[in-house]
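# Structural characterization, general
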Amino acid sequence: MGTSSIESTYLQIRSMEVRGAGRIARAAVSALRDYCDKGKFSSTRDLYRGLSAAGERLKSARPTAVSLPNAVNYVLAAAGRSEAKGGQVREATKEIVAACDGFISESLKATKVIGEYGAKRIADGDVIMTHCNSEAVTAVIAAAHGARKRFEVIATETRPRFQGRITAAALAKLGVDVTLIPDTAVRVHMRRVDMVIVGADAITANGAVVNKIGTSQVALAAHERKARFYVAAETYKLSPATMLGELVEIEQRSPYEVVPKAWAKSNSKVKVANPAFDVTPPEYIDLLITERGLYPPQGMVFLMKELYGEARAPLA
Ligand code: RUB
């Protein structure tokens, strides 16, 4: 039972049935919780080893969202502490399950707090542009709407997977005035935009943000028009490994998300590239809205050191 939940979660993340950095992190933790709760382990060492292998499998589902390894490492750190105590498996299981529940509830709380902080930055009459679909961004817009602010949202459709439709549909359902545009129309619409707000899959030590492909083009257009550019992200999207020189891997997805198979077959000399994420440099970012407060990109390295230490396991 436990292993099957790891495998099905792996497949859900890989196929993007579960997507978005926050959801991916919670799904992984929830699968590890089940694995731990329902598995049979002979010792705390055996439990740790099992969780570690399950964690590696989950981490390999998608490479870019750092929330995934951070979430897995959080659970492993809890398992490591239980193992070090040398107690019974039953006791260790209880502790690890509690840590998993804690991660999931803190994650949901963090998104809500980001919504409240970010909403303060939205004023009546603002035109806001967003790209892709981010729970953290939706939380900001929903909180501003809940505070009865009157503003307009422009959502890019976000090719090739059209996550912008999810954003537009969700905002319209809340009663927000939202317009869906093709990605190619970003610069045309930027004329009217006061602020852009996007989510993040990873934030690096120099304050750069890795997010859905096209984000950096939106940032460039915002920079040209002097529209504010905000990133809403929970701190488990910080990548402490980037303090040690590590690069964030950009996921390359199937060409058939870009063109139909039949077209690819009849145009076999055409190469199709489908990178899923890009990097927005810190100079295009005004502020990052986290559950710990609002920071300029230059503050990210200090926040990373405060939360993760120099070389500690993330969130441990
Ligand atoms: C989703 C995406 C989102 C971030 C943040 O990409 O780029 O902006 O993951 O989302 P994909 P959230 O659809 O490829 O997973 O704020 O929900 O964590």
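Located above this text is the structure these notes cover.
The following refers to the structure shown. The structure presented is a predicted model; accordingly, all values stated were derived computationally and were not measured. (Residues numbered from 1 in each chain as written. Predicted model: local features only at pLDDT ≥ 70, side-chain atom pairs only at ≥ 80, totals over all residues. Heavy atoms only, no water.)

## Quick word on empty space enclosed by the protein
The cut-off we apply is this: Only protein atoms enter the calculation, which uses a 1 Å grid: trapped sets of points that fit a 1.4 Å probe without letting it out are cavities, open sets showing protein on both sides within 12 Å along at least five of seven lines are pockets, and any residue with an atom within 4 Å of a point is a lining residue. Grid points are joined across faces, edges and corners, and a volume is the space filled by probe spheres set on the points. Secondary structure follows DSSP: runs of H or I at least 4 residues long count as helices, runs of E at least 2 residues long count as strands, and numbering of each begins at the N terminus. Reported domain spans reflect what an automatic or database domain assignment gives. Basically, the charged four are Asp, Glu, Lys and Arg, the nonpolar ten are Ala, Val, Leu, Ile, Met, Phe, Trp, Tyr, Cys and Pro, and anything else, Gly included, counts as polar.
In the structure shown here, the tally under the stated rule is two cavities of 30 Å³ or more. Considering the residues around the largest cavity, the lining is formed by 26 residues, among which Arg19, Gly20, Ala21, Asn133 and Asp201 are closest to the centre. Secondary structure elements with two or more residues in the lining of the largest cavity: α2 (21–38), α6 (135–146) and β6 (209–212). The biggest single contributor to the lining of the largest cavity is α2, with four residues. Inspection of the lining of the largest cavity shows a minimum of three residues originating in each of domain 1 (2–109) and domain 2 (114–308). In this model, the second largest cavity occupies a volume close to 50 Å³. Considering the residues around the second largest cavity, the lining is formed by Arg159, Pro160, Arg161, Gln163, Lys212, Ile213, Arg253, Glu257, Asn274, Pro275 and Ala276. Across the lining of the second largest cavity, the residue classes break down as four nonpolar, two polar and five charged.

## Notes on the sheet that holds strand β10 (residues 293–295)
Two strands in a sheet stick together by hydrogen bonds in their backbones, pointing the same way (parallel) or opposite ways (antiparallel). Quick note on the threshold: Here a strand pair is declared whenever DSSP counts at least two bridges between the two strands. Throughout, an axis means a line fitted to C-alpha atoms (over the contacting stretch in the case of helices), and angles, computed between N-to-C directions, take values from 0 to 180 degrees. When checking whether two residues touch, look at their non-hydrogen atoms; a contact exists if any pair is within 4.5 Å.
Within the open sheet, the seven strands sit side by side as β3-β2-β1-β4-β7-β9-β10. Their pairing is mixed. Pairing within the sheet leaves two strands with one partner each, and these edge strands are β3 (177–181) and β10. Geometrically, the sheet is characterised by an average inter-axis angle of 25 degrees between neighbouring strands, direction not taken into account. Note that strand β9 (residues 287–290) and β10 share three bridges and pair antiparallel. Residue pairing in the sheet places Ile289 in a bridge with Leu294 of β10. Sheet strands touched by helix α7 (residues 163–174): β1 (127–130), β2 (152–156) and β3. Its angle to β3, the strand with the most contacts, is close to 165 degrees.

## Quick notes on the packing of aromatic side chains
Which entries qualify depends on this criterion: Stacked, edge-to-face and tilted are the three classes for Phe, Tyr and Trp ring pairs, Trp counted by its six-membered ring, which pair at centre distances within 6.5 Å; planes under 30 degrees apart are stacked, over 60 edge-to-face, the rest tilted. Per-residue accessibility, obtained with a 1.4 Å probe over protein chains only, is compared with the maximum for each type, and a residue is labelled buried under 20%, exposed over 50%, and partly exposed between these values. We call a charge positioned over a ring when the NZ of a Lys or the CZ of an Arg lies within 6 Å of the ring centre and within 35 degrees of the ring normal.
On inspection of all chains with the given rule, the structure shows three aromatic pairs. When the centroid spacing of 5.3 Å and the interplanar angle of 45 degrees are considered together, the rings of Phe103 and Tyr236 count as tilted. Linking Phe103 in helix α5 (residues 89–119) with Tyr236 in the loop between β7 (228–232) and α10 (261–266), this pair joins segments that are 133 residues apart in sequence. Pair check on accessibility: Phe103 and Tyr236 agree, each one buried. Among the aromatic residues, those joined into a ring-pair cluster are Tyr74, Phe103 and Tyr236. Arg57 extends its terminal NZ or CZ atom over the ring of Tyr10, reaching a point 3.6 Å from the ring centre. Its guanidinium or amino end placed over the ring of Phe277, Lys212 lies 4.3 Å from that ring's centre, counting from NZ or CZ.

## Section: the site of the ligand
Counted only if it meets this: Any residue with a heavy atom positioned within 4 Å of a molecule or strand is treated as near that molecule or strand. Polar contact is defined as a pair of N or O atoms within 3.5 Å, subject to the rule that within protein one atom must be able to donate a hydrogen and the other to accept it, and that residues adjacent in sequence are counted only when both atoms are side-chain atoms. Here the Shrake-Rupley method, with its probe set to 1.4 Å, supplies the accessible areas, and only the displayed protein chains count as covering residues. By definition, a pocket or cavity contains a molecule when more than half of the molecule's atoms lie within 2 Å of the pocket's grid points.
Near the ligand lie 18 residues; those nearest to it are Arg19, Ser134, Asn211, Lys212 and Lys237. Here Ala21 contributes a backbone N or O atom positioned 2.8 Å from an oxygen atom of the ligand. With respect to the ligand, the side chain of Lys237 contributes an N or O atom lying 2.7 Å from an oxygen atom. Protein chains shield 100% of the accessible area of the ligand, which is 460 Å² for the free molecule. According to the grid-proximity analysis, the pocket containing the ligand is the largest cavity.

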